[in-house]
Amino acid sequence: MPDDQSKTEEGALRFPFPEVPPFGEVVEVAEGILWTRIPLPYLLDHVNIFLIRDHDGWAVVDTGIQTEEAIATWEGLFAGPLKDIRISRVIVTHFHPDHIGLAGWLCARFDAPLLTSLSSYMSSRVISIAPATRASQQYFDFYISHGMSEEVAGLVAIQGNDYLRRVSDLPLTYLRLVLLDTLDIGGRSFRVLTGEGHAPEQIMLYCEEEKLLFAADQVIERISPNVSVFAGEPNGDPLGHFLRTLRQLRAEVPDDVLVLPGHRRPFYGLHQRCAELEAHHEERCDLIREACAKGPKSVAELVPVLFHRKLDPHQMSFAFTETLAHVNRLVRRGEIATVQRDGRLVNVVAG
Ligand SMILES: [Zn+2]
């Protein structure tokens with residue numbers, strides 16, 4: 001889930017569809033490719049859904065979160081602009097509830113197969129089989145040691161239960177999509193690309209011939225996708241992986257593709273947007289390094305360096321784990337070190 005507005009300029013991005021479709025309506029963004037939006041109960045109030053004409057129906061890319069409102073929006077589409085269509089395949093870009101939430105529901109309704117990455121499928125299945133695994137004392141202590149409040153740590157710990165509520169049961173079988181697979185959808189050829197950092201093995205689909213990139217949450221206008229370190233991988237470097245994926249996209253996908261992202265509007269300007277996101281994170285790493293140069297700082301003390309607005313506990317959990325991602329990036333680079341001081345973890349300039 002992206003949560004954070006990037007301040008970077010975006011003058012070079014172009015938006016061929018400046019108006020977003022209202023909920024319940026669809027817009028054709030290319031021949032045989034439809035764009036619609038499903039509501040989300042968050043500040044970011046929608047997720048994009050794309051339908052690609054297939055040989056025997058329509059393949060859907062992403063599904064929305066499991067809420068009554070989202071289901072009602074789908075029902076409205078099936079009674080209106082998508083009347084009598086058949087969903088041939090359900091393609092899920094990543095395991096976050098706003099993308100995978102109604103995959104099981106759609107698969108069951110249309111007897112359609114689920115296509116996604118191993119990491120997306122397994123991440124979702126593991127949480128549904130054992131939602132309490134995130135709530136261990138060890139994980140709780142990890143967040144506390146970095147200065148997180150007990151209230152926020154408690155919230156992060158019970159995220160597994162919230163996830164379950166928001167995601168319908170996945171089918172027991174799926175088709176695995178792997179980096180560089182070729183996927184034929186209705187005669188169009190898509191290359192499967194994967195991104196890291198926002199979610200493990202996030203699926204993107206690239207149609208070279210028609211210059212289309214289904215980019216999921218890797219590149220979005222205005223929003224910097226959330227990149228977080230969680231207790232299960234305390235020394236992880238998701239920001240390093242996210243930046244690596246941006247470099248790979250710039251190297252392997254030409255700039256003149258139409259980017260069809262997981263949120264907000266389709267746009268032209270892939271390379272520009274990748275560069276903006278890189279600059280945005282670089283700037284944040286600079287701020288953390290400068291703050292640590294003035295004295296040891298816990299992650300809790302670094303959160304306000306990056307996030308200036310008042311945060312409720314839910315927003316704080318994302319801000320905190322995102323700040324930790326920047327800290328871990330700088331630790332990997334050897335620029336700061338995380339050390340024990342008086343029973344708590346603080347970050348100091350290395351060397
Ligand atoms: Zn998302």
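Look up a bit, the structure's there.
Analysis parameters
Residues numbered from 1 in each chain as written. Predicted model: local features only at pLDDT ≥ 70, side-chain atom pairs only at ≥ 80, totals over all residues. Heavy atoms only, no water. Donors = N, O, S within 2.8 Å, 3.2 Å for Na, K, Ca; no water. Tetrahedral: all angles 85-135°; square planar, octahedral: opposite > 155°, others 65-115°. Helix = DSSP H or I, 4+ residues; strand = E, 2+ residues; numbered from the N terminus. Pairing = 2+ DSSP bridges. Contact = heavy atoms within 4.5 Å. Axes fitted to C-alpha atoms, helices over the stretch in contact; angles between N-to-C directions. Phe/Tyr/Trp six-rings, centres within 6.5 Å; stacked < 30°, edge-to-face > 60°. Lys NZ or Arg CZ within 6 Å of the ring centre and 35° of its normal.

Peer 1: Help me understand the coordination of the zinc ion in this model?
Peer 2: Tetrahedral coordination by four donors places them ideally at 109.5 degrees to one another around the metal; octahedral coordination by six donors ideally gives 90 or 180 degrees. Around the zinc ion, the donor atoms from the protein are Asp-98 (OD), His-99 (NE2), Asp-217 (OD) and His-263 (NE2), and they sit 2.0 to 2.6 Å away. Taken together, the 4 donor atoms coordinating the zinc ion and their angles of 87 to 163° define a geometry best described as irregular. In primary-sequence terms, the residues that donate to the zinc ion follow D-H-x117-D-x45-H. Highlighted residues: His-99 in helix α2 (residues 97-100) and Asp-217 in the loop between β12 (212-216) and β13 (223-224), separated in sequence by 118 residues.

Peer 1: Explain the sheet that holds strand β6 (residues 87-91) to me, please; I cannot follow it from the model alone.
Peer 2: By way of backbone hydrogen bonds, the strands of a sheet pair with one another, either parallel or antiparallel. Strand order in the open sheet formed by 7 strands is β2-β3-β4-β5-β6-β7-β8, and the pairing between neighbours is mixed. For this open sheet the edge positions go to β2 (27-30) and β8 (175-176), each flanked by a neighbour on one side alone. In the sheet, strand β3 (residues 33-39) pairs with strand β4 (residues 46-54) via 7 bridges, with the strands oriented antiparallel. Paired with Thr-36 across the two strands is Ile-49, which belongs to β4. Relative to β6, helix α3 (residues 103-110) is tilted by about 160°, and along the sheet it contacts β5 (57-61), β6 and β7 (114-116).

Peer 1: What am I meant to see in unusual backbone geometry here?
Peer 2: With the exception of glycine, most residues fall at negative phi, and the peptide bonds are largely trans. A positive phi angle, close to 65°, is found at Asp-84, a residue other than glycine. Although it is not a glycine, Arg-264 sits at a positive phi angle of roughly 60°. By the secondary structure assignment, Arg-264 is in the loop between β14 (258-261) and α9 (270-293).

Peer 1: Mind showing me how you'd approach the packing of aromatic side chains here?
Peer 2: The relation between two aromatic rings is expressed through the spacing of the ring centres and the mutual angle of the planes. Evaluated as defined, the whole model comprises 8 aromatic pairs. Pairwise contacts between aromatic rings join Phe-50, Phe-190 and Phe-214 into one cluster. When the ring centre of Phe-15 is taken as origin, the NZ or CZ atom of Arg-265, which lies over that ring, is 3.9 Å away. Taking the ring centre of Phe-307 as reference, the NZ or CZ of Arg-284 above it sits at 4.9 Å.

Any functional reading would require information beyond the geometric quantities listed.
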